[in-house]
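Take a look at the letters that make up each chain.
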2 protein chains.
Amino acid sequence: MQIGIIGAGNVGGTLGRAWAQKGHEVMFGVRQPKTGKVQTLLEQAGGGAKAGTVAEAAAFGSVVTLATPWPATREALRTAGDLAGKVLLDCTNPLKADFSGLEVGHTTSGAEQVALWAKGARVVKIFNSTGFENMANPKYGKGAAVTMFFAGDDAAAKGIAAQLAREIGFEPVDAGPLGNARLLEPLAMLWIHLAFAQKQGTGIAFKLLRR
Amino acid sequence: MQIGIIGAGNVGGTLGRAWAQKGHEVMFGVRQPKTGKVQTLLEQAGGGAKAGTVAEAAAFGSVVTLATPWPATREALRTAGDLAGKVLLDCTNPLKADFSGLEVGHTTSGAEQVALWAKGARVVKIFNSTGFENMANPKYGKGAAVTMFFAGDDAAAKGIAAQLAREIGFEPVDAGPLGNARLLEPLAMLWIHLAFAQKQGTGIAFKLLRR
């Protein structure tokens, strides 16, 4: 699969590296593709990854992964250009600047905002409810896979999102339509609160148990 | 401990039965204490349980468990009378009548409404994020305990809530101040969506994994 990644921070970098290592073609879209940090990321990712501008990465991918800090998200989508028809994996969380809570919720969600901004994109909310450390290693204890909830309105796009989650070790679970990002973004906030405010650290993750 | 339970439906009935079987004194507060349904519940709960009016159960308990359907909650608290100083376990969820979503969220929560209505009560949000079937048996597979998140502003009240969760088999996890019910009520909605809309059934539950 050809995967463009908007943002090469902790989340985008970790996901892109993992997918490149699984054999996908990955392009990181960043403001400055030539920095040492980006070059290090490309070396870690192996031969399947390259870097370009945000617009180049967006054009490159049939799947585009949105992994920007919330305040940069709207401008990044503007820079990305036309995403119509592409699968857009929204990994963002609409966090307040001080991480104390969410900017939006209940009557809308970050994902629904993203869908408004990225006209025609097939948005799936995913990879938002856990830390990048868990994305690098989603197996706990005796192989228990961390659950990755996802939400979207396009069944085929959700299937691709689920596959990409499963390939890197998560157990994907369909959490319904895109509007249910109103539930998954508070779940991310719960993780953030437990990890940092409650000082449990980032070695925690949600799993859906089944009888 | 003396525990009053407001509402003897699935949640209140299951919790009260479990606590009575653990040796606590339980009083179910119901509109009609003499019905066959209530008598059956008392028989199942064993010698440690009795039934009375809502006001009697509220007066009886040093811990009062609020397990009403959302539309009945405000009136039940009015009927309960003075709850100042009591630990009030809020197990409700502010569900829309058709269970499609939450009535309130993001800028407030059901728990914060409850705290406004029950002046002076030491409110803890707990037992809202899973089904009553899991309350009857919170152990999955090889003894994995379902996580029970709770939120509140009174540390001692939270300690009591955590103990009551642990006694019946949950792994309690402190999710912060009462305002974080804004995260735990969407978590309940996610469970409801997965169990019913996604047809996964009620044999599912959230667990917080730790490395």
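Quick note: structure is the one above.
Calculation rules
Residues numbered from 1 in each chain as written. Chains lettered and ligands numbered in written order. Predicted model: local features only at pLDDT ≥ 70, side-chain atom pairs only at ≥ 80, totals over all residues. Heavy atoms only, no water. Salt bridge = Lys/Arg side-chain N within 4 Å of Asp/Glu carboxyl O. Helix = DSSP H or I, 4+ residues; strand = E, 2+ residues; numbered from the N terminus. Pairing = 2+ DSSP bridges. Axes fitted to C-alpha atoms, helices over the stretch in contact; angles between N-to-C directions. Contact = heavy atoms within 4.5 Å. Least-squares fit on C-alpha atoms with pLDDT ≥ 70 in both. Polar contact = N/O pair within 3.5 Å; in protein donor to acceptor, adjacent residues only side chain to side chain. Buried area = accessible area lost by both parts, 1.4 Å probe. Nonpolar A, V, L, I, M, F, W, Y, C, P; charged D, E, K, R; others polar.

Asker: Where do I start with the pattern of salt bridges in this structure?
Answerer: All names here are of chain A. Here the structure, examined in full by the defined rule, presents 16 salt bridges over all chains. Arg210 is paired through a salt bridge with Glu171; the nearest N and O atoms lie 2.7 Å apart. A residue pair is termed long-range when its members are at least 10 positions apart, and Arg210 in strand β11 (residues 204-210) and Glu171 in strand β10 (residues 171-174) qualify at 39 residues. Each of Asp90, Lys125 and Glu185 takes part in salt bridges that share partners, so that together they form one network.

Asker: Mind showing me how you'd approach the sheet that holds strand β9 (residues 147-152) of chain B here?
Answerer: Paired through their backbone hydrogen bonds, the strands of a sheet run either parallel or antiparallel. Residue and element names in this part refer to chain B. Pairing in this open sheet of 8 strands is mixed, and the strands run β3-β2-β1-β4-β5-β6-β9-β10 from one edge to the other. Strand pairing shows two members of the sheet lacking a second neighbour, β3 (49-52) and β10 (171-174), which therefore form its edges. Strand-to-strand twist in this sheet, taken as the mean axis angle between neighbours without regard to direction, amounts to 25 degrees. Of the pairings in the sheet, the one linking strand β1 (residues 2-6) to strand β2 (residues 25-29) comprises 5 bridges and is parallel in character. Each residue of the ladder has a partner; that of Ile5, found in β2, is Phe28. Set on the sheet, helix α2 (residues 36-45) makes contact with β2 and β3; between it and β3 the angle comes to about 160 degrees.

Asker: Just checking my understanding: could you explain the relation of the copies chain B and chain A for this structure?
Answerer: Note that the two copies of the chain are related through a rotation about an axis and a translation along the same axis. Mapping chain B onto chain A calls for a screw motion: a turn of 180 degrees about the axis and a shift of 0.0 Å along it, with 0.0 Å RMSD after fitting. Expressed as an axis order, the relation between the two copies is that of a two-fold axis.

Asker: Explanation requested: the side chain of Lys125 of chain A in the structure shown.
Answerer: Residue and element names in this part refer to chain A. Within the secondary structure, Lys125 is located in strand β6 (residues 122-125). Within the structure, Lys125 has its side chain in polar contact with the side chain of Glu185 (distance 2.7 Å). The residues contacting Lys125, other than those within four sequence positions of it, are Asp90, Thr92, Ala111, Phe149, Phe150, Ala151, Leu178, Ala181, Leu184 and Glu185.

Asker: In this structure, what is going on with the interface of chain B and chain A? I would like to understand it.
Answerer: Where the parts come together, the accessible area they lose is often given as the size of the interface. Listed by partner, the interface residues are 38 residues for chain B and 38 residues for chain A. Roughly 3000 Å² is buried in total at the junction of chain B and chain A, and carbon and sulfur atoms are behind 64% of that figure. The largest per-residue losses of area from chain B upon contact with chain A belong to His106, Leu209 and Arg211 of chain B, which jointly make up 25% of the total buried on that side. Our count for the contact surface shared by chain B and chain A stands at 0 salt bridges. Put simply, chain B and chain A have 17 residue pairs in polar contact (both at pLDDT 80 or more) between them. Residue assignment for the side of chain B that touches chain A shows that the elements contributing at least two residues are α6 (132-136), β7 (139-140), β10, α8 (181-197) and β11 (204-210) of chain B. Among the elements that line the side of chain B that touches chain A, the one with the most residues is α8 of chain B, at 9 residues. Residues belonging to the side of chain B that touches chain A are distributed by class as follows: 20 nonpolar, 10 polar and 8 charged. For β11 of chain A and β11 of chain B, the ladder comprises 7 bridges, and the chain directions are antiparallel. Across the sheet, Leu209 of chain A pairs through a bridge with Ala205 of chain B, a residue of β11 of chain B.

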